[in-house]
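# A structural walkthrough
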Amino acid sequence: MNNEEIIIDGPNIAHGAESATDHHGHDHEHHEQHFVWKYIFSQDHKIISKQFLITGIIWAIIGSLFSVFFRLQLGFPDSTFPIMEKFLGEWAKGGKLSPEFYYALVTMHGTILVFFVLTAGLSGTFANLLIPLQVGARDMASPFLNMLSYWFFFSASILMFVSLFVETGPASGGWTTYPPLSALKEASMGSGIGMDLWLLSMALFVVSSLLGGLNYIVTVLNMRTKGMTMTRLPLTVWALFFTATLGVLSFPVLFSGLVLLIFDRNFGTSFYLSEIFIGGRALPHIGGSAILYQHLFWFLGHPEVYIIMLPGMGMASEVLATNARKPIFGYFAMIISLIGITLLAFLVWAHHMFVTGMSPFLGSIFVLLTLLIAVPSAVKVFNWITTIWRANIRFTPAMLFALGFVSLFISGGLTGIFLGNSALDIHLHDTYFVVAHFHIVMGVSAFFGMFAGIYHWFPKMFGRMMNSTLGYIHFFITFAGAYLIFWPMHYEGIAGMPRRYYDYSAWESFKHFQGINAFISIVAMIVFFTQLMFVMNFIVSIFRGRKLTSLNPWGSTTLEWTTPIRPGHGNWPGEIPEVYRWPYDYKDDGHGNDFIQQTVPLRPGEESH
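Below is a summary of the structure that appears in this document. Just so it is clear, the model here is predicted, and its values are computed rather than measured.

As a further point, take the overall build of the chain. Broken down by element type, the chain carries 16 helices and eight strands. When the backbone C-alpha atoms are referred to their principal axes, the chain occupies close to 80 × 50 × 50 Å. Buried residues in the chain amount to 59% of all 609 residues. Within the structure as shown, the chain displays about 23900 Å² of accessible surface, and the carbon and sulfur contribution to it stands at 68%. Charged side chains in the chain number 31 positive and 35 negative. The centres of these two groups are separated by 5 Å.

Set out below in structure tokens:
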């Protein structure tokens, strides 16, 4: 049967006009779905993954554009750029960014990229796409809740976007929104209605993350096909499972912190406020503690680092093994290291708070736990390196981005050892060293994992291939740009240069860095326009890319490559295949192939991994 003849709509699966039988023996009759229910309010996990991805790409463009605007200010503080007035209006009158809006742009840049792109865009896309396909399920455990998780995210996006256009400007308390600046409406322009919209948007975002995370966990635990034991799951699924676990346990803490902040702002409570004076007038707040908010925020904030990183780790493992044509090295060690990272992620939040007056003894405990988390991370790095050691590597765009992910994770992680030491952190805290560290290890490396996933699974999402030449250009410019932008910032930070300042030219200590700042800004603009090239490649390839001629273009072993080229809702026509093997059998199959898919029964005398 030709692949295009397989018609699958809603939860029903049909071959042409005939009915199909699922693996439980239930017959489904074909019926045509309306466009709205099929593509907008879809309950098909594959459509929802595309919704998350496209929404995430839109937010990535907006958030990155903001960074270009404030980099223009940092790189060329004495210049004017009329184009900024066209985009930002009153906030950049005469082509020069206002100080108030500079901090708003920094705040929104961080919020958008951390939460809306690298959390919702990354996990929402690949957990939805890959978990049912790789575990052998028709869909998520609850397709309806899955649909709701996207629409809560979309609602959060609308609120956050609206906040960009209010008269007093969007939230400008930094992406962490520390009180008292964020808790008092009169503290600054960016503490007005824009901050209320930010808080409501983030509350909706947390609801979206919880609905999605619970769905992912239940699907992995309860919806696996016959033979798919937990020890036969691909590392991608393991990583997404622990990502969801982190989110379900830590996002409610952020939610409580946001609710208390809303109360302080609007209902006269004093959870975070005490003995505040504005214009010589004492406010009635007493008894609160701004440090309480920091504990609540960072109890989510540090697991958030791994909510962003773990999907990239899982996808990099998959892409490296596939394109190295070798089994992943140390499969069980990789799983144990994921467990170690997940547990330790909850025990290190206060290393963000070494300068808050914390007890030195308590600080030493968090130093120990922070440095300890390097152990499972190092296990993963050594296993990735061993996997590609003496391998027959295929340098696809996905493979290059996976290798770039490993490089950035190593170099960014090493600088984390400095910040994890409380004595050094006192000097480096809130300097450009922190900016450089977390952008390399959490920002750029997570994007590299995301790009690796998009290039690798694009054929499964759209039935076409992306342009490889543009993919190579995208990689090399982005990889070089990442280091050229963020590596010099380490030196600025060691010199004590503070972050989030509008203009350094008046500082005798820092104005000699102006040449470096200008260089960084120029490279940042080049990298931004390179990402626009990727977006064009992505959009054009959806409609004009080379059509797939094979179900399995990469010669991969996992279950998603056993579905039709364009699987409908239900994924497999007829029976869901049974699994007999672990997911990394890259070896001679006796028929001229160098891989054996999970659905191939064991040969006589062959033992299961």
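A packed helix pair is summarised by two numbers, namely the angle formed by the two axes and the spacing between the axes. At a minimum axis separation of 11 Å, helix α11 (residues 374-388) and helix α12 (residues 397-419) run at an interaxial angle of 145°. For the pair α11 and α12, the crossing hand works out as left-handed. Along its contact with α11, which presents Ser377, Val381, Trp384, Ile385 and Ile388, the element α12 presents Met399, Leu403, Phe405, Val406, Phe409 and Ile410. By residue class, the composition of the contact of α11 with α12 is 10 nonpolar, one polar and no charged.

Together, Leu371, Ile385, Ile410, Leu414, Ile417, Phe418 and Leu424 make up a nonpolar patch on the protein surface, roughly 580 Å² of accessible area in all. Broken down by element, the nonpolar patch gets its largest block of residues, four residues, from α12. When you line up the elements, Phe418 lands in helix α12. Residue Phe418 is classed as partly exposed on the basis of its relative accessible area of 41%.

Scanning all chains against the criterion turns up 12 salt bridges. A salt bridge links Lys93 to Glu90, with the nearest nitrogen and oxygen atoms 2.9 Å apart. With relative accessibility at 61%, the residue Glu90 sits in the exposed group. Two residues, Arg581 and Asp585, come together in a salt bridge whose shortest N-O distance is 2.9 Å. According to the relative accessible area criterion, Arg581 is buried, its value standing at 2%. When salt bridges with common partners are traced through the structure, they connect Arg581, Asp585, Lys587, Arg603 and Glu606 into a single cluster.

So, on to the side chain of His456. With respect to the element layout, His456 can be found in helix α14 (residues 432-462). For His456, the residues in contact, after removing those within four places along its chain, are Val319, Thr322, Asn323, Ala398, Trp554 and Trp561.

Attention shifts here to unusual backbone geometry. In the segment running from Pro179 into Pro180, the intervening peptide bond is cis, with an omega of 10°. Not every positive phi belongs to a glycine, and Arg390 is a case in point at roughly 55°. Looking at the secondary structure, you find Arg390 in the loop between α11 and α12. One non-glycine residue, Asn571, lies in the positive phi region at around 70°. Taking relative accessible area as the criterion, Asn571 reaches 0% and is therefore assigned buried.

Our focus in this paragraph is the environment of Arg464. When you line up the elements, Arg464 lands in strand β7 (residues 464-465). A residue is classified by how much of its surface remains accessible, and Arg464, at 13% relative accessible area, is buried. Here the alpha-carbon distance between Arg464 and Ile565, two residues 101 residues apart in the chain, equals 9.0 Å. Among residues more than four places away in sequence, those in contact with Arg464 are Phe458, Pro459, Ser541, Ile542, Phe543, Arg544, Gly545, Arg546, Lys547, Leu548 and Arg566.

Attention now goes to the packing of aromatic side chains. Enumeration over the complete set of coordinates arrives at 65 aromatic pairs. Measuring from ring centre to ring centre gives 5.3 Å for Phe52 and Tyr150, while their planes differ by 80°; the resulting arrangement is edge-to-face. One end of the pair, Phe52, is in helix α2 (residues 45-75); the other, Tyr150, is in helix α5 (residues 143-163), and 98 residues separate them in sequence. Ring centres of Phe405 and Phe409 lie 6.1 Å apart, and the angle between their planes is 5°; on these two criteria the pair is classed as stacked. With Phe405 and Phe409 both in helix α12 and four residues apart, this pair spans about one turn of that helix.

This part is about helix α4 (residues 99-135). A rise of 1.5 Å per residue sets the reference length of α4, with its 37 residues, at 54 Å; its end C-alpha atoms lie 51 Å apart and thus fit the reference within 8%. The buried fraction of α4 is high, at 34 of 37 residues. One or two positions beyond α4, positive phi appears at Gly136, with a value near 85°.

Time to look at the side chain of Arg581. With respect to the secondary-structure elements, Arg581 resides in the segment after β8 (546-547). Polar contacts involving the side chain of Arg581 include one to the side chain of Asp585, which spans 2.9 Å.

Further remarks concern the packing of helix α9 (residues 331-345) against α11. One way to put it is that α9 packs onto α11 with a least axis distance of 8 Å and a crossing angle of 150°. Here α9 lies roughly antiparallel to α11, going by the angle between them. The way α9 lies across α11 gives a crossing that is left-handed. When α9 is examined against α11, the residues Ala333, Met334, Ser337, Leu338, Gly340, Ile341 and Leu344 are found in contact with a partner set consisting of Pro376, Ser377, Val379, Lys380, Asn383 and Trp384. For the contact of α9 with α11, a count of residues per class yields eight nonpolar, four polar and one charged.

Scoring rules and cut-offs
- Residues numbered from 1 in each chain as written.
- Predicted model: local features only at pLDDT ≥ 70, side-chain atom pairs only at ≥ 80, totals over all residues.
- Heavy atoms only, no water.
- Helix = DSSP H or I, 4+ residues; strand = E, 2+ residues; numbered from the N terminus.
- Buried < 20%, exposed > 50% of the residue type's maximum accessible area, 1.4 Å probe, protein only.
- Areas by Shrake-Rupley, 256 points an atom, 1.4 Å probe, with all protein chains shown as cover.
- Lys, Arg positive; Asp, Glu negative; His and termini not counted.
- Charge placed at Lys NZ, Arg CZ, Asp CG, Glu CD.
- Axes fitted to C-alpha atoms, helices over the stretch in contact; angles between N-to-C directions.
- Left-handed = near helix turned anticlockwise from the far one by under 90°.
- Contact = heavy atoms within 4.5 Å.
- Nonpolar A, V, L, I, M, F, W, Y, C, P; charged D, E, K, R; others polar.
- Patch = residues over 30% accessible without salt bridge, like charges linked within 9 Å, V, L, I, M, F, W, Y side chains within 5 Å.
- Salt bridge = Lys/Arg side-chain N within 4 Å of Asp/Glu carboxyl O.
- Phe/Tyr/Trp six-rings, centres within 6.5 Å; stacked < 30°, edge-to-face > 60°.
- Expected span 1.5 Å × (residues − 1).
- Polar contact = N/O pair within 3.5 Å; in protein donor to acceptor, adjacent residues only side chain to side chain.
- Parallel < 35°, antiparallel > 145°, perpendicular 65-115°, else oblique.

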